[in-house]
Structure formats: C-alpha cells, structure tokens
Amino acid sequence: MFHCTTKAICSRGFTPNVISVRYRRVNVQKPRKPDHYRAVIETITKPKYPWPKPSDMTWSERCPKPYSKALKQIENNPYENILAKELKELFEQSAMVAIFHKNPVKGEIDFKTRKTFKMAGMDHVVYGKSTLKLALAETNYAAVLNLFQSHSSIVFSSTSQVPKLLKITKKMPHLILLASIVDGVLLSKNQTVEYGNLVNIDNARARLISVIGQVNNRCLQTIGQTQLSMVRYLEQYGQSLEDVNAGKKSTEEVD
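We now turn to the structure provided with this report. (Residues numbered from 1 in each chain as written. Predicted model: local features only at pLDDT ≥ 70, side-chain atom pairs only at ≥ 80, totals over all residues. Heavy atoms only, no water.)

### Re the pairing of strand β4 (residues 175-182)
Thinking step 1. The buried fraction of β4 amounts to 6 of the 8 residues, a majority that puts the element mostly inside the structure.
Thinking step 2. As paired strands, strand β1 (residues 96-102) and β4 are joined by 7 bridges and run antiparallel to one another. Bridge assignment links Lys-102 to a residue of β4, and that residue is Leu-175.
Thinking step 3. Judged from the 4 bridges that link them, β4 and strand β5 (residues 185-188) form a sheet pairing that is antiparallel. By the bridge assignment for β5, Val-182 is matched with Val-185.
Thinking step 4. The hairpin formed by β4 and β5 contains 2 residues between the paired strands, and Asp-183 there has a positive phi angle of roughly 55°. (Buried < 20%, exposed > 50% of the residue type's maximum accessible area, 1.4 Å probe, protein only. Helix = DSSP H or I, 4+ residues; strand = E, 2+ residues; numbered from the N terminus. Pairing = 2+ DSSP bridges.)

### Description of the packing of helix α8 (residues 162-169) against helix α9 (residues 189-196)
Thinking step 1. Interhelical geometry of α8 versus α9 gives an angle of 115° and a closest axis separation of 8 Å. Comparing their axes, α9 and α8 come out roughly perpendicular. Crossing of α8 over α9 shows left-handed handedness. Mapping the contact onto sequence places Val-162, Pro-163 and Leu-166 in α8 and Thr-192, Val-193, Tyr-195 and Gly-196 in α9.
Thinking step 2. When the residues that make up the contact of α8 with α9 are grouped by side-chain class, the tally is 5 nonpolar, 2 polar and no charged. (Axes fitted to C-alpha atoms, helices over the stretch in contact; angles between N-to-C directions. Parallel < 35°, antiparallel > 145°, perpendicular 65-115°, else oblique. Left-handed = near helix turned anticlockwise from the far one by under 90°. Contact = heavy atoms within 4.5 Å. Nonpolar A, V, L, I, M, F, W, Y, C, P; charged D, E, K, R; others polar.)

### Structural notes on the packing of helix α5 (residues 78-93) against helix α7 (residues 129-136)
Thinking step 1. The geometry of α5 relative to α7 is characterised by a closest axis approach of 8 Å and an angle of 60° between their N-to-C directions. By the criterion of interaxial angle, the relationship of α5 to α7 is oblique. Where α5 crosses over α7, the two elements pack in a sense that is right-handed. Mapping the contact onto sequence places Glu-80, Asn-81, Leu-83, Ala-84, Leu-87, Lys-88 and Phe-91 in α5 and Ser-130, Thr-131, Leu-132, Leu-134, Ala-135 and Leu-136 in α7.
Thinking step 2. Broken down by class, the residue content of the contact of α5 with α7 amounts to 8 nonpolar, 3 polar and 2 charged.

### Structural notes on the pattern of salt bridges
Thinking step 1. The final tally for this structure, using the stated rule, is 5 salt bridges.
Thinking step 2. Asp-110 serves as the salt-bridge partner of Arg-114, at 3.9 Å between the closest nitrogen and oxygen. Linking Arg-114 with Asp-110, this pair stays in helix α6 (residues 107-119), spanning 4 residues, or about one helical turn.
Thinking step 3. The network of salt bridges with common partners includes Lys-102, Asp-110 and Arg-114. (Salt bridge = Lys/Arg side-chain N within 4 Å of Asp/Glu carboxyl O.)

### A look at the environment of Gln-191
Thinking step 1. Tracing the backbone through its elements, the reader meets Gln-191 in helix α9.
Thinking step 2. Between the C-alpha atom of Gln-191 and that of Ala-179, which follows or precedes it by 12 residues, the distance is 8.6 Å.

### Brief notes about the packing of aromatic side chains
The description of an aromatic ring pair uses the distance of the two centres, along with the angle that the planes make with each other.
Thinking step 1. Within the structure shown, the criterion is met by 2 aromatic pairs.
Thinking step 2. Between Phe-91 and Tyr-141, the ring centres sit 5.4 Å apart and the planes meet at 45°, which makes this aromatic pair tilted. Here the residue Phe-91 occupies a position in helix α5, and Tyr-141 occupies one in the loop between α7 and β3 (152-157), the gap between them amounting to 50 residues.
Thinking step 3. Exposure remark for Phe-91: the relative accessible area of 1% places this residue in the buried category. (Phe/Tyr/Trp six-rings, centres within 6.5 Å; stacked < 30°, edge-to-face > 60°.)

The following block contains the structure:
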C-alpha cells in the first residue's frame, strides 16, 4: 500500500487536493466560562496588589538598573588586586602616560598597534574601569578616572617622548588622544600637542646660554667703556706731554 501511494505521488499526473477546514469563531463579547480547575488557578494567581503604572512613576523608578546595582555586592577579587597594584606602579614609575579612546577594531590591527608601541619603547595596555578605580582611587591620579567612561586604553613610557607618540598615533585613527601625564603634570589634548611641538630641551638650553652670554658681554662692554675711554685719553695726554718735552730738548740743544 505504501509503495503504491509513493508511486502515485511521484508520478507526473498527481494533483493534490486542497480541503478547506472551517473552525468555530471565538466569541469575544461573551466568552465561555473556564472550567473549575482553570478558574481555581486564575483565582490563586491573581495579584493582590495592583501593578504600578509607569506614567505615575518617576524616571529613576522606571529603570530597574539602579536598584539592581544598589543591591549588587562586589566581591573582593585577589587577581584584580594584583592588577591594580601593577597599574599603580606603572603610573608612578612612568615619565609619560597617554590616555586614548579606543574604537573597536580587528584583532590583527590591535596586535600591530601593540607591536608598534613596543618597538618604540612604550607599552599599550587596556584595563577595566573597576581595576582603574581600585588602583587610582586614593592617589594623585584620581582625576584621570573621569576619562574612563567607555572603551579606553593607556600607553606608558619610561621616558618623555611626546613628539614620537604624536607621530605614531597619526597612523592610528582608531586611537583618539584624550589626555596625558608628562613628568607628573596632567595635560589636555591641545596642551600635549603644544608640548610635542616644542624645541628639543638641549637646543633650548644652548639658545638660553647664548642669550645670557650676549647680555653678559654687553653689560661688560657698557661698564668698561668709561674706563677704556679714560685710559685712551690718558695715553693721548701722555703722548702729547712726551712730544712737548721732546720739542723743548731740541730747542735747548740748538741754543
């Protein structure tokens, strides 16, 4: 029987019959009463207190997230304490700290970014907000915590090399400079760029020494000009006296 049915369906002349089935319409105005068991369940599960209307609630009460955050207990994580200690040492020992906003990129680009900073003598790291708060809450760097509101990354360097940092970040559009800490001073983005455009410290010192030397020479010339002119006048006066004496001797010899 099954073989014959399959044969009939697979044949080309088979046409399926569509049979329409008519269901009863639900009476919405006068619904049927539920049975005893369902009526008991609905009576038991009926809420005793009315649900609050969102229109009658304040905006802070409508969102359940603040309430859940208030009840959430933060557990002490030993590993996070170790990371916070290392992060605090990096902030204290680094001569330059740059804070960036990091846009989402592929893992390959992220690896190239870390490699570029590593070859330049810098460390590009990413830490969570809780770890940063645990490390910098009671330090002089607590003002930096306001910058870590979304995806952020930090670059540490043992030496102050701001021009090199700005040159590297020009080729990385996914990193946006927010602020920096150079020699213990917090600088904004514009101040960091101005600091990077300054002349090298050695050249600036050489220029300062040359300017101070010029001022010293001018002061010596101004002070010693009176003495030099007096010496010159005395030499001329002495030479004039010698000429007068020589003239007297010549007249006496003639006499």
